[in-house]
Structure formats: C-alpha cells, structure tokens
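Understanding the architecture of this molecule
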Amino acid sequence: MSESHHELPFWRKYIFSVDHKVIGIQYGITALFFLLFGFGLIMLMRWQLAYPEQPLPLIGHLFGDSRMPGGVMLPEFYNELGAMHGTIMVFLGIVPLAVGAFGNFVVPLQVGAPDMAFPRLNMTSYWLYFAGGIIMLGSFFLPGGAASSGWTAYAPLAVIASVGQTFWIIGMVCLIQSSLLGSINIIVTIFQLRAKGLTFMRLPFFVWAQLVTSFLLVLAFPPLLAAGVMQLMDRVAGTSFFMPSGLVVSGQQLDISGGGSVLLWQHLFWFLAHPEVYVLILPAMGIVSEVIANNIRKPLWGYKSMVYSIVFLGFMSFVVWAHHMFLTGMGTVINAFFQATTMIISIPSIIILTALFISLWGGSIRFNTRMLFALAFLPMFGIGGLTGLPLGLSTADIHLHDTYYVIGHFHYVVAPGTIFALFAGIYHWYPKATGRKMNELLGQLHFWPSLVCMNFIFMPMFIVGLAGVSRRLYDGGAGYEHAQDVLHLNITSSWAAWGLGLAQLPFIFNFFWSMFKGKKVESDNPWEATTLEWNTPSPPGHGNFVTEPVVYRAAYEYSVPGAKRDFSPQYEPEVEMEEAPAQKEAA
Amino acid sequence: MEMIPYTVEARPDTGLYNAKFGIWLFLASEVMLFGGLFSGYVLLRTGSPAWPHGSDLLNVPLGTVNTLVLISSSVSMVLAWVALKEKNIPKFKLTLGLTLLCSLIFMIIKAIEYGTKFSHGIFPKESAYFAIYYTLTGLHALHIVGGAIVLMYFWLPVGTKMWKTQPQRFTNRIEVVGLYWHFVDLVWIFLFPVLYLL
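Notes on the structure follow. Please read these numbers as outputs of a predicted model, since none were measured by experiment.

Helices and strands together make up the secondary structure of chain B, namely eight helices and zero strands. The order of α-helices and β-strands along chain B, N terminus first, is α-α-α-α-α-α-α-α. Taking the principal axes of the C-alpha coordinates as reference, chain B spans close to 60 × 35 × 20 Å. Split into buried and exposed, the 198 residues of chain B put 49% on the buried side. Sequence-distant contacts, at least 24 apart, represent 75% of the contacts inside chain B between residues at least 6 apart. Averaging the positions of the 14 positive and the 10 negative side-chain charges in chain B gives two centres separated by 6 Å.

This is the structure:
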C-alpha cells in the first residue's frame, strides 16, 4: 500500500496511467469523441441522400475539390464516409465505450477488486486503441482517401481499393489486439479478483454481461485478424485468397494467380461480426439492468433466467453468422440451418427484455434522466429485435437484403438501443467517477429530443427499405422509378439526423460543465444503490476500497420486507429491520 | 501493484494464479486465429480443381528436422521450469539456453527454406497453395520470434534478477511463457503434416 501515498508525476497519473479508473475515463472520452466524429460523417452523407447532387450549404466548400467540387459530394467521397462511419461507430465508438470505458471503470468496482488483474496490459490496450484510431483518422488524408469498401470490407472490392484499405487493415489489427488484451483482462478480473462472498449468482447483471461479451471478443475477433492478414497479403504480396480466377475489373481481366474464394472473406468476417453484434448489445443490457433495478426499488424479476439467457446468447452468437449471407448462394440446406439458429437466438434476447419489462411491474419508479434512457432502451431495442426476424428468414430476406430496411433494423438496435443505454450508464456512474451529479434539466433536454429524432431518422427507413431502395446508393434511390413515392422520407430522416446532432449539445455541455459545477454528491451512495461500487469514495482513490469488501447477499436486494430502508447493500452484514409490530405494542 | 491478489499464489476456487488464467485465454484466442487460417486452407483446397502435394514442392527432410528441433525445444522448456522448481539456476540457464538455441536453429532452417523458394522466384503470389503456405508458416515464425525474444529476456540477467527477490513469481513467469511456447510448437505439429505431407 506504500505506493498509494507516493504522488505520481502528471503523465503517469493521467496519461500513461495503469489505474483502471483513469483508463476507463480515457477510453470513455476518446470513444465519445469518435462517436461524435462518426456521427458527423453520417450528417454529411444525409445531405447527399436528402438532396442528391445539390451543393452542401455553408461548409461544402471546406472539403476541397478532390472530395466535394463546388460543394457537391463525389460518389467516391460518399463511399469513404459510409465505410468509415460504420467502422468508427462500431470499432472506435460503441465497443470501446461499452467494454473499454464501462467495463474498465465499473467491473473491478462491482466485483470488489483493487484494480484490473493486469494493469499494465490494460494501459497497453488503451494505447493500442488510440493508435488504431489515429491510423483510421489519418487514412482520410491519403491519396485516394480512406477505406471506401464498406465497414465489411468485402472482397474483391476491398482488395483492389486504394491504399486507404491497407491502413484500414492495419488500424483494425491494432483494435483487435487492443480488445483482445482488454477482454482477457476483464475475464481474469471477474474470475480471480471477486470479493469474498461474491458468488457468481450474486454478481450484478452488468458483470455477467461484460463477462459474456469478453468471451465473445476473445474468441470471435481472431478469425477477423486471420482474414485481415489474408486481405493484407492479397493487397501487398499479390496473393489471391479472396480473388477468383478470371476476375474482370473495368473490362480488363486482372493479372492475378486466382483460385481464391470471395465467400471465404464473408465467412471469416461474419464469424467475427455476428458475435460483434452481441458485443454491441450485451453491455447495453447490463447497464440498463443496473439502472432499472436501482430506479424501480425492487429486485430484478427473473435474475437467474436472465443470467442463463445471456450465457446461452453468447454461445448461440457463434452459430448464426451466415444469416448475413443468405443471398450468396450457399444453398438451401445451409440457409435453413442458419435460419433455424437465428430464430433460436431471438428467444434469450426476448427473455431478458421480458424480464426487464416485468421488473417494472409494481415498482415505485424514479423517472430521472438515466431511468428515462434505460426505459426508452426497452421498446427501441424491442423494435430493432422484432424487425430483425424477417431478415432472419431466408425467403423474406430475398426482398429485404441490402435495403434501407436492414439499416433501420440494426440502427434501432445500436442507436436508440445501445447508445441510449450508454447514455444511461454515463448519467448513472458519473457521480462515482467525478463526485458530482450531472444536471437533471439538461439531461431531460438531451433525452426527449433525442428520442423523437431517433425515431424520425430510423422509422422512415423501414418504409423506404420495403419499397426496395438499396442501402448502397449514392443518390438515396433517386434513380428508382418505383421508389419515387417514398423518397421524401429521405428528407425527413436527414432533418431528424441534424436535429439529433443539435440534441447532443445539452449533453456535451452538461458533461463538461458538471465536472466543475455539478451538484456535489451528498454521500458515496447518492442513488441509494446496492452494488459494491457504491461502497467506495467518490471518486475512488488508488486501490478503490477503503476496507476490504465482503459480500453478504444478492445484487439487487431492494425493498426487503420489514427492512428500515428500501435498499440493502451487498456489502452490509446486517439488514436493519424495523421493530416488529408485536414488540411495538408491548412497548 | 502488490495489492492485486493472486498474482503469485493460486486462487483456491479457480486453482490458478492470474497470469496462468490470462495465458490460457490468450491461447484460446490463438486457437481461433490459426483455426481461421486453417479453415481458410480447407475452403481454398476443397474449392480448387487441383491442389498440389506439399511433398512435391517443399523440402520434407528439412521440415522433419525442424519438427524435431521444435519438439526438443519444448522438452528443454519443461526442463527449465523443472530446474526452477528444484532451485537449480545453472540447470535453468542451460535448459533455457537450449530452448533458445533450438528456436535459432528452427529460424535458420526456415530461412533456408524460404530463401531457396525466393531464389527460384516462388513468392506468395505463385499459387493458392503458396499463398497459404507463406501466410501460415510466416505467422508461425513471427510467433517463434516473439516467444524467443521473451525467453531471451528471462535468460539474460535483466530478467533473471527477479529470481533473487521473488522466486515463486519468476517460476510462474517461466511456466506461463512455457505454455505459450508449447502452443507454438503444437501449431507447427499441425502445420507440418498439412503443408508438407498431405
């Protein structure tokens, strides 16, 4: 413990820190920046989709003639923005925020650990992520621009793309290593550093979510690394892993050895990227469960079935990947298999969602900002999940594949789904990290416009998609005869997207303002919560806990009958009971 | 950092110290990495109209020697760990040195094999077979180099000095790097028949 008294120099304390809380906050701020940046890319694209070939007012000329001559976006630049929007949002925004920031900051606190199991690996993990981000950002300035073959980097398009794609692969290698180190750290921390008395069935649901997520990251990311190595070989060493013989590009037969398989890339990519979908959603479910349990003042309904469901989800997520590939001609037998597994995997998600809904029944709900975000998560994720069922049926997918319907579906899962959950988490744990609360009024000003705008962005996409508009079009479907009746919805979506941008201003202001001017917390447990992280000072010092934590009961013992208070923390040995009525009478 | 529990002694309910748990997870991810490449191999081979026999293209005797060299390195790796358990530092230096020597011999032989192919103008772009051959063996060689650097660190005084202050922790480190080394050895045991013999 002698180290804790020793003052570290600034750069060791805040920049190259090995403290999980500092690293978590570093992750959080970097990831929020990337979320904003990735959102900025789509706001540019939404102009082109709503008003094709019209010059972008005010800022259009800033991008230069190679990207937007006269303020009109070139198709090549549109493709760059599209590919980088997906990549940045998934790999640099949501996953680092959900796993890197919340996993790092909250998991050791909730399991009663002094730090992560491997603090220096933890620091390495953050700086690899940072390097990956810099490489991705830097690739915009390359000749030919950033990667432009979609976030899925399908071969052979990605193999013949400009040098930006090589940077994309190198950036991804950094991000893959980063998440590998981070998730190994989280798993070992949960297994090895659990406090005394903290059995697995007493773990907060958030910890379970992080545990399953980390296993997915450890096991699903390496095949993408393998695929990335192969694509790098294809691009740099001239191999043909993904290049079929006799490939013709722009009327010219390519001079390649051939013999490769384009489907191989898709299989390896989706073997990662389907579990990745669950990496995006499971931590969100974990955060929402924490926030809901805390604000309904009663235990979560069906905690055990939620735990079994999330573990089952983790397993199943490895055997559904090819439902992204129904139209590649894999054959009906394989389609039928992946269709069946896809229907099965929807069951545990529904169990978790149902358990959370039923939990609300009879609770005395506190409608604060974090609870509003968590409550909005439930129907938004519900819409996202249910609209996914037609996509999982190979026959319906023939019509819906690659249309705006797909965009609407998965954005409902990750945007008003996961991102709302992440906001809930930020409002929830902000007092623990800073010792101050975020402003409630600004929080509501953030929530309500965000909720309205989110739905006006993505609901029209279902209609546009059902009308058959492809998601890949630079003009948003303007060339489609049959889609003319729905194209005005593109304008609705775009204005809602810009409105959503405005709705984030109260949050950004609140986030920084509250650090210095926010209301100070009156105790270390301002939300009257039950889990271990509220047994630390706010913010927790080096080593987190003042005394060694011991756990005495399950995670969500709210409103224990007969107890004096409506919450009985895990770390308190005795539940203080009210005097029994019989004794009262006697007195 | 002393305050993090189970860095040296095992946690009773899992039976592992932290680093050993971590390395097993890392190896699980490595299985998936090489598994991805192997499944790429299977898909390319089954999808190809004609696939060459490795024994016609590669030098099988050299590959066999390399297999033996790598297996020997695994044996001496175990002996190095045993030597620490016996608190026999000279034996540790000797056996770990032998492991390092084996890794050097392996890399020299691999360089000769690569060099011969390059001098005949056979590069990864030659065919699907050579593409996967160079990728798999190249990635494996990178693992050997990485492992050898870590082993070298523990062999030199800068790494060994931990033995004087924390002997148990040092023994654990050798055990963990040994697990990694055996894994890299195991990958080669799959690579050799798949690429050279089948």
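Now that the structure has been shown, the text picks up again.
Turning our eyes to something else, we now look at the overall build of chain A. When helices and strands are counted, chain A shows 18 helices and two strands. Relative to the globule expectation of 25 Å for 587 residues, the C-alpha radius of gyration of chain A, 25 Å, shows essentially globular dimensions. Its C-alpha atoms give chain A principal-axis dimensions of about 95 × 55 × 55 Å. For chain A, buried positions account for 61% of its 587 residues. Within chain A, contacts between residues separated by at least 24 positions form 77% of all contacts whose residues are at least 6 apart in sequence. In the form shown here, chain A has an accessible surface area of approximately 22300 Å², with 69% of it arising from carbon and sulfur atoms. Each charge sign in chain A was given a centre, from 27 positive and 31 negative side chains, and these centres are 9 Å apart.

Turning to the interface of chain B and chain A, a few remarks are in order. Contacts between the two partners involve 35 residues from chain B and, on the opposite side, 40 residues from chain A. Between chain B and chain A, the buried area comes to about 3200 Å², and carbon and sulfur atoms account for 75% of it. Between the two partners, chain B and chain A, sit one salt bridge. Residues R194 of chain A and D13 of chain B are paired through a salt bridge, measuring 3.6 Å at the closest nitrogen-oxygen approach. Inspection of the region where chain B meets chain A yields six residue pairs in polar contact (both at pLDDT 80 or more). For the side of chain B that touches chain A, the secondary structure elements donating two or more residues are α1 (18–46) and α5 (128–155) of chain B. At 16 residues, α1 of chain B tops the list of elements feeding residues into the side of chain B that touches chain A. Here the residues of the side of chain B that touches chain A sort into 21 nonpolar, nine polar and five charged.

A separate point is the environment of R173 of chain B. All names here are of chain B. Mapped onto the fold, R173 is located in helix α8 (residues 167–197). Considering only alpha carbons, one finds R173 and I144, 29 residues apart in sequence, at a separation of 17 Å. In contact with R173, not counting residues within four places along its chain, are F154 and M162.

Below, the discussion takes up the packing of helix α11 (residues 369–386) of chain A against helix α14 (residues 404–434) of chain A. All names here are of chain A. It is the contact of α11 with α14, at a shortest axis distance of 8 Å, that shows an interaxial angle of 165°. What the angle tells us is that α11 and α14 run roughly antiparallel. Here α11 runs over α14; the crossing is left-handed. Contact with α11, carried on its side by T369, R370, F373, A374, A376, F377, M380, F381, I383, G384 and G385, involves H409, Y412, V413, P416, G417, T418, F420, A421, F423, A424, Y427 and H428 of α14 and no other residues of that element.

This part covers α8 of chain B. Over its 31 residues, α8 of chain B extends 44 Å from the first C-alpha to the last, a length consistent with the 45 Å expected when each residue adds 1.5 Å. Roughly 25° is the biggest bend found in α8 of chain B, and it falls at L191 of chain B, with proline P193 of chain B one to four residues downstream.

Turning our eyes to something else, we now look at helix α6 (residues 164–192) of chain A. With 29 residues, α6 of chain A should cover 42 Å at 1.5 Å per step; its first-to-last C-alpha distance of 42 Å lies within 8% of that length. Taken across its 29 residues, α6 of chain A has 24 buried, putting it largely inside the fold.

Before going further, it helps to spend a moment on the pattern of salt bridges. Taken as a whole, this structure holds 14 salt bridges over all chains when the rule is applied. One salt-bridge network, held together by shared partners, links R297, R366, E528 and D566 of chain A.

Residue and element names in this part refer to chain A. Applying the stated criterion across every chain yields a total of 75 aromatic pairs over all chains. Their ring planes at 75° and their centres at 5.8 Å tell us that Y78 and Y474 sit as a pair that is edge-to-face. Of this pair, Y78 sits in helix α4 (residues 75–111) while Y474 sits in the loop between α15 (440–466) and α16 (488–503); the two residues are 396 residues apart in sequence, bridging distant segments of the chain. Judged by its relative accessible area of 17%, Y474 is buried. Geometrically, the ring pair formed by F271 and F318 is tilted, given 5.8 Å between the ring centres and 45° between the ring planes. One end of the pair, F271, is in helix α8 (residues 262–296); the other, F318, is in the loop between α9 (303–316) and α10 (332–360), with 47 residues separating them in the sequence. By relative accessible area, which is 17% here, F318 ends up buried.

All names here are of chain A. Each neighbour pair has its own omega, and for A155 with P156 the value is 0°, a cis peptide bond. With respect to the helices and strands, P156 occurs in the loop between α5 (119–138) and α6. Between S538 and P539 the backbone carries a cis peptide bond, its omega angle lying at -5°. With respect to the helices, strands and loops of the structure, P539 is situated in the loop between α17 (505–517) and α18 (581–586). Even without a glycine there, the phi angle at S250 is positive, about 50°. As for its placement among the helices and strands, S250 is situated in the loop between β1 (248–249) and β2 (252–253). On the accessibility criterion, S250 (74% relative accessible area) is exposed. Even without glycine at this site, S559 takes up a positive phi of about 50°.

Okay, the nonpolar core next. F205, I292 and F377 of chain A are the most contacted members of the largest nonpolar core, which has 257 residues in total. Residues within four places of I292 of chain A in sequence aside, it is in contact with L300, L356, L360, M371, A374 and L378 of chain A.

Glancing now at the side chain of N185 of chain A. Following the sequence through the fold, N185 of chain A ends up in helix α6. Residues contacting N185 of chain A, with those up to four places away along its chain left out, are M116, A117, F118, L121 and N122 of chain A.

Positionally, T160 of chain B belongs in helix α6 (residues 157–160). Among residues more than four places away in sequence, those in contact with T160 of chain B are F92, K93, Y153, F154, W155 and F170 of chain B.

What counts and what doesn't
- Residues numbered from 1 in each chain as written.
- Chains lettered and ligands numbered in written order.
- Predicted model: local features only at pLDDT ≥ 70, side-chain atom pairs only at ≥ 80, totals over all residues.
- Heavy atoms only, no water.
- Helix = DSSP H or I, 4+ residues; strand = E, 2+ residues; numbered from the N terminus.
- Buried < 20%, exposed > 50% of the residue type's maximum accessible area, 1.4 Å probe, protein only.
- Contact = heavy atoms within 4.5 Å.
- Lys, Arg positive; Asp, Glu negative; His and termini not counted.
- Charge placed at Lys NZ, Arg CZ, Asp CG, Glu CD.
- Rg over C-alpha atoms; globule rule 2.2 N^0.38 Å.
- Areas by Shrake-Rupley, 256 points an atom, 1.4 Å probe, with all protein chains shown as cover.
- Buried area = accessible area lost by both parts, 1.4 Å probe.
- Salt bridge = Lys/Arg side-chain N within 4 Å of Asp/Glu carboxyl O.
- Polar contact = N/O pair within 3.5 Å; in protein donor to acceptor, adjacent residues only side chain to side chain.
- Nonpolar A, V, L, I, M, F, W, Y, C, P; charged D, E, K, R; others polar.
- Axes fitted to C-alpha atoms, helices over the stretch in contact; angles between N-to-C directions.
- Parallel < 35°, antiparallel > 145°, perpendicular 65-115°, else oblique.
- Left-handed = near helix turned anticlockwise from the far one by under 90°.
- Expected span 1.5 Å × (residues − 1).
- Bend = angle between axes of the 7 residues up to and from the residue.
- Phe/Tyr/Trp six-rings, centres within 6.5 Å; stacked < 30°, edge-to-face > 60°.
- Core = buried A, V, L, I, M, F, W, Y, C linked by side-chain atoms within 4.5 Å.

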